[in-house]
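Observations on the model geometry
What follows is the residue order along each chain.
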Amino acid sequence: TDYAISMAESRGDVLAVIDASGRNANEASYVTKQEKSDSNQSVTDRVAPVSSIVTRMKARNLNSSYGTTYYPWVQISDSVTGKILPIPPSIVAIGAMSYTDTVQAPWFAPAGFNRGGLSTGNAGVNVVNVVKKLTSTERDQLYPLNVNPITSFPYEGIVIFGQKTLQAVPSALDRINVRRLMLYIKRGITIISNTILFEPNVQDTWNNFKDKEEPFLADVKARYGLDDNRLIL
């Protein structure tokens, strides 16, 4: 996971969604009813308890707006076998981001009941349960350490209930939607800039760049990504 975050920082155009929770045979084991009843199912999913996650995250001292992590694992209904399977939270987190891009834009938070609802299929897989049901106290322990909780509510279902990056210093970039906004803008500007690479440094080239760049930024602004913008050549 350290390598993934480092790679994302060096590239500057991706977000590393990591599973920092880990698996430990000496810690509490949560096994689905399906696994208990199936004699052929030998895989048990061991998920570290919240207290262990808190200790680990404090020790690791991760600090990067190019990374994010979630807890706990979730359970899905496998459409092929019909079995209930545990999967890492990164899978549904990425699914929620993809859903957010489809219905809104990358600069909308991929969390909450509208876009982070996992029971309604927003992640692209059929999430039926969480491996560990978090209390409000446990959520309050995880979130200050930049671990985004996946929570089960009695009526609303299973929801991604946070959207922090792993940046330690408070700023706009400690939120996933802001980091993804910057990634989107950087990528768009790069694509446009590549079209004028090696062209003459004359007014027509500048105008060509502005004619492409200004509508791009205006679109982001119109869709609530920016309050205002100014292009300086």
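Just so we're clear, the structure is a prediction, and the values are computed from it rather than from any experiment. Numbering of residues starts from 1 in each chain and follows the order in which that chain's sequence is written. Given that the model is predicted, a residue must reach a pLDDT of at least 70 before its local features are reported, and side-chain atom pairs must reach 80 or more before they are shown or counted; all residues, however, enter totals for whole chains, interfaces and linings. The side-chain quantities take in all heavy atoms of the structure and omit both hydrogens and water.

1. Some words on the packing of aromatic side chains
Selection rule: Only rings of Phe, Tyr and Trp enter the pairing, Trp through its six-membered ring, and a pair is recorded when the two centres are within 6.5 Å. The plane angle decides the type: under 30 degrees is stacked, over 60 is edge-to-face, the rest tilted. A run of H or I in DSSP becomes a helix once it reaches four residues, and a run of E becomes a strand once it reaches two; helices and strands are each numbered from the N terminus. Partly exposed residues are those whose accessible area sits between 20% and 50% of the maximum for their type, while under 20% is buried and over 50% is exposed, using a 1.4 Å probe and protein chains only.
Inspection of the entire model under this criterion finds 5 aromatic pairs. Their ring planes at 70° and their centres at 5.1 Å tell us that Trp107 and Tyr184 sit as a pair that is edge-to-face. You can see Trp107 sitting in the loop between helix H4 (89-103) and helix H5 (112-115) and its partner Tyr184 sitting in helix H7 (residues 176-194), a full 77 residues away along the chain. Residue Tyr184 is classed as partly exposed on the basis of its relative accessible area of 28%. The interplanar angle of 20° and the centroid separation of 5.7 Å between the aromatic rings of Tyr184 and Phe216 together place this pair among those described as stacked. Here Tyr184 is found in helix H7, whereas its partner Phe216 is found in helix H8 (residues 203-222), with 32 residues between them in sequence. Pairwise contacts between aromatic rings join Trp107, Tyr184 and Phe216 into one cluster.

2. Remarks on the confidence of the model for the protein chain
Reading predicted coordinates in detail is not appropriate for stretches of low pLDDT. Let me state the cut-off plainly: Residue-level confidence of the predictor, termed pLDDT, takes values from 0 up to 100. In what follows, residue pairs with any heavy atoms lying within 4.5 Å of each other are defined as contacts.
A residue-level look at the protein chain finds 88% of positions with pLDDT of 70 or above and a mean pLDDT of 89. When the criterion is pLDDT under 50, residues 24-35 qualifies, and its contacts beyond four places in sequence or with other chains add up to 26 contacts. Across residues 37-45, where pLDDT falls below 50, the model places 14 contacts with residues more than four positions away in sequence or in other chains.

3. With respect to the nonpolar core
To be explicit about the condition: The definition of a nonpolar core used throughout is a set of buried Ala, Val, Leu, Ile, Met, Phe, Trp, Tyr and Cys residues joined through side-chain atoms within 4.5 Å.
Tyr70, Val74, Val92, Leu118, Leu142 and Ile150 are the most contacted members of the largest nonpolar core, which totals 37 residues. When near neighbours in sequence (up to four residues on either side) are disregarded, Leu142 contacts Val50, Ile53, Val54, Tyr71, Leu134 and Val147. By size, the runner-up hydrophobic cluster in this structure holds 12 residues, among which are Phe108, Leu181, Ile192 and Leu217.

4. Details of the pattern of salt bridges
A side chain with one charge may pair with a side chain of the opposite charge, provided their charged atoms come close. Where we set the bar: Every case where a carboxyl oxygen of Asp or Glu lies within 4 Å of a side-chain nitrogen of Lys or Arg is listed as a salt bridge.
On inspection of all chains with the given rule, the structure shows 7 salt bridges. Note that Asp2 and Arg60 form a salt bridge whose closest N and O atoms lie 2.7 Å from each other. Of this pair, Asp2 sits in helix H1 (residues 2-11) while Arg60 sits in helix H3 (residues 50-60), and the two are 58 residues apart along the sequence. Using a relative accessible area of 30% as the deciding quantity, one classes Arg60 as partly exposed.

5. Considering the side chain of Gln163
Positionally, Gln163 belongs in the loop between strand S7 (157-160) and H7. We classify Gln163 as buried; its relative accessible area is 12%. Excluding residues that lie within four positions of it along the chain, Gln163 makes contacts with Ala109, Pro110, Ala111, Tyr143, Asn148, Asp174, Arg175, Ile176 and Asn177.

6. A short note on H8
So the rule is basically this: To estimate how far a helix should reach, multiply one less than its number of residues by 1.5 Å.
Helix length check: H8, at 20 residues, gives a terminal C-alpha distance of 28 Å against a target of 28 Å (1.5 Å per residue), a fit within 8%. One or two positions beyond H8, positive phi appears at Tyr224, with a value near 70°.

7. Observations concerning the sheet that holds S7
The test is simple: Two strands pair if DSSP finds at least two bridges between them. Whenever a helix is involved, its axis is fitted only over the stretch in contact; in every case the axis is a line through C-alpha atoms, and angles between N-to-C directions fall within 0 to 180 degrees.
The 4 strands lie next to each other as S1-S2-S6-S7, forming an open sheet whose pairing is mixed. Each having just a single partner strand, strand S1 (16-18) and S7 make up the two edges of the open sheet. Neighbour-to-neighbour, the strand axes of this sheet turn through a mean angle of 25°, independent of strand direction. The pairing of S1 with strand S2 (residues 67-71) spans 3 bridges and is classified as parallel. Within the sheet, the bridge partner assigned to Ile18 lies in S2 and is Thr69.

8. A look at the pairing of strand S4 (residues 84-87)
Direction of pairing for strand S3 (residues 74-77) relative to S4: antiparallel, over a ladder of 4 bridges. Pairing of Val74 across the sheet is with Ile87, part of S4.

9. So, unusual backbone geometry
Residue Pro72 is reached from Tyr71 by a cis peptide bond, and omega for that bond is 0°. The topology assignment puts Pro72 in the loop between S2 and S3. Despite not being glycine, Asn146 has its phi angle at roughly 65°, a positive value. Residue classification places Asn146 among the buried residues on the basis of a relative accessible area of 9%.

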